[in-house]
Amino acid sequence: MTFSEILNISLMQGFAGLSLFSVLLLMGLGLAIIFGQMGVINMAHGEFMTIGAYTIYLFSHLAESYAPKLIGAYFPVAIVAAFGFAFAAGWAVEWLFIRHLYRRPLDTLLATWGLSLGMQQIFRSTFGAKEVSPTLPDWLMGSWAPSPGLDIPINGLFVMALTAVVTGGVLLALYRSRWGLRVRATVANRVMANATGINTRQTDRLTFAIGCGIAGVAGAAFTTIGSTGPTSGSLYIVDAFLVVTFGGAASLLGTVVSAFGIAQTQSIAEFFITGSMAKVLTLSMIVLILMLRPQGLFAAKVRR
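Given the structure is predicted, the values throughout are model-derived calculations rather than measurements. All residue numbers refer to position in the chain's written sequence, counted from 1. Only residues with pLDDT of at least 70 get local features here, since the model is predicted, and only at 80 or more are side-chain atom pairs given and counted; chain-wide, interface and lining totals rely on the full set of residues. With hydrogens and water excluded, all non-hydrogen atoms of the structure serve as input to the side-chain values.

Caption draft 1: Examining the pattern of salt bridges more closely. The term salt bridge refers to a pairing of a side-chain nitrogen on Lys or Arg with a carboxyl oxygen on Asp or Glu at a separation within 4 Å. Throughout the structure, instances matching the rule amount to three salt bridges. The salt bridge involving Asp 204 is made with Arg 190; its shortest N-O contact spans 2.9 Å. You can see Asp 204 sitting in helix α8 (residues 200-222) and its partner Arg 190 sitting in helix α7 (residues 190-195), a full 14 residues away along the chain. Taking the relative accessible area as the measure of exposure, Asp 204 reaches 1% and is therefore buried. Only DSSP runs of H or I reaching four residues or more are called helices, and only runs of E reaching two or more are called strands; each is numbered from the N terminus. Relative accessibility decides the category of a residue: with a 1.4 Å probe and only protein chains considered, values under 20% of the type maximum give buried, values over 50% give exposed, and everything between is partly exposed.

Caption draft 2: Region of the structure containing the side chain of Thr 228. Counting through the fold element by element, Thr 228 comes out in the loop between α8 and α9 (234-247). Overall, Thr 228 belongs to the buried group, its relative accessible area being 1%. Among residues more than four places away in sequence, those in contact with Thr 228 are Thr 50, Ala 53, Tyr 54, Lys 130, Glu 131, Val 132, Phe 222 and Thr 223. Whether two residues touch is decided by their heavy atoms; if any such pair falls within 4.5 Å, the residues are in contact.

Caption draft 3: Local environment of the packing of helix α2 (residues 45-66) against helix α3 (residues 74-96). Where α2 contacts α3, the axes come no closer than 8 Å and their chain directions differ by 140°. Accordingly, the angle class assigned to the pair α2 and α3 is oblique. Judged by the sense of rotation from one axis to the other, the crossing of α2 with α3 is right-handed. Here Phe 48, Ile 51, Gly 52, Thr 55, Ile 56, Phe 59, Ser 60 and Ala 63 of α2 come into contact with α3, specifically with Tyr 74, Phe 75, Val 77, Ala 78, Ile 79, Ala 81, Ala 82, Phe 85, Ala 86, Ala 89, Gly 90 and Val 93. For the contact of α2 with α3, the residue count by class is 16 nonpolar, four polar and no charged. In this description, a line fitted to the C-alpha atoms serves as the axis of each element, helices being fitted only across the stretch in contact, and the angle between N-to-C directions of two axes falls anywhere from 0 to 180 degrees. Note that the term roughly parallel is reserved for angles under 35 degrees, roughly antiparallel for angles over 145, roughly perpendicular for angles of 65 to 115, and oblique for everything else. Helix crossings fall into two classes, left-handed where the near helix is turned counterclockwise from the far one by less than a right angle and right-handed where it is turned clockwise. Following the grouping adopted for this structure description, the nonpolar residues are Ala, Val, Leu, Ile, Met, Phe, Trp, Tyr, Cys and Pro, the charged ones are Asp, Glu, Lys and Arg, and the polar ones are all others, Gly among them.

Caption draft 4: Up close: helix α6 (residues 178-188). Listed as buried for α6 are Trp 179, Gly 180, Val 183, Thr 186 and Val 187. In an axial view of α6, the angular spread of the buried residues amounts to 130°, which keeps them on one side of the axis. Away from its buried face, by an angle of more than 90 degrees, α6 presents the exposed residues Arg 178 and Leu 181. Regarding the arc, it is the one traced by the directions from the helix axis to the C-beta atoms.

This is the structure:
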């Protein structure tokens, strides 16, 4: 094997890590917002990702069955719908029982774990136990070859662009909108935020729903690189929590950096060793770093 071939394989493996980074970052963004503000350990976050993935499949099926001419245009609309459905589900979940469990993190862990099992059964009863895949538009198929022997999938480029847009939108909303101002005030000092007239309960509900909506977008992105099943979201929930913990709770910069580091380490390691050993290696590195820096890479300064 020549040096050029090794370089091309390494670049493609690194790009595969960028695709995983995109999904982990979208998952981690929602978790970072929810956990950073409310301290809620949402074990059902992966199921909101699954809602987004099944939304893409549903729109694909409807386009194929009733409007074949729109098969090339349904995907952007389905992404918006994925955010909307996951947002609505998150709003309902927060109103039904999450709001009763604030300041009880262990209870939220158990409650949302039970919720995730229930949602998985709903998916299984509605869509079946087998994994499904949507029909992707033609413009998402194929690859881009910047040089001979180097093929970069177009769907991976799209996922990265989508992740950049969503991440930029979240940052813009947090630092340039009234909602972001209320969120940052609530994170900094919830008691003082209440005293200044901020409805922290309403802010919590909206934040939880937005975090779930972002998970729905992660599910939409996931459909371009994998098939969807009732337990697809649960496969990413541990990695998403690792991203948030490693980066530092309530730190969006830490979420971005940790998602990139975890995805690239795991992807490159899989080129040399098995997938399970790559996960063990990645987890071991995270544990060692957290032993030296328990607050994560970028700890947020929060008043309690």
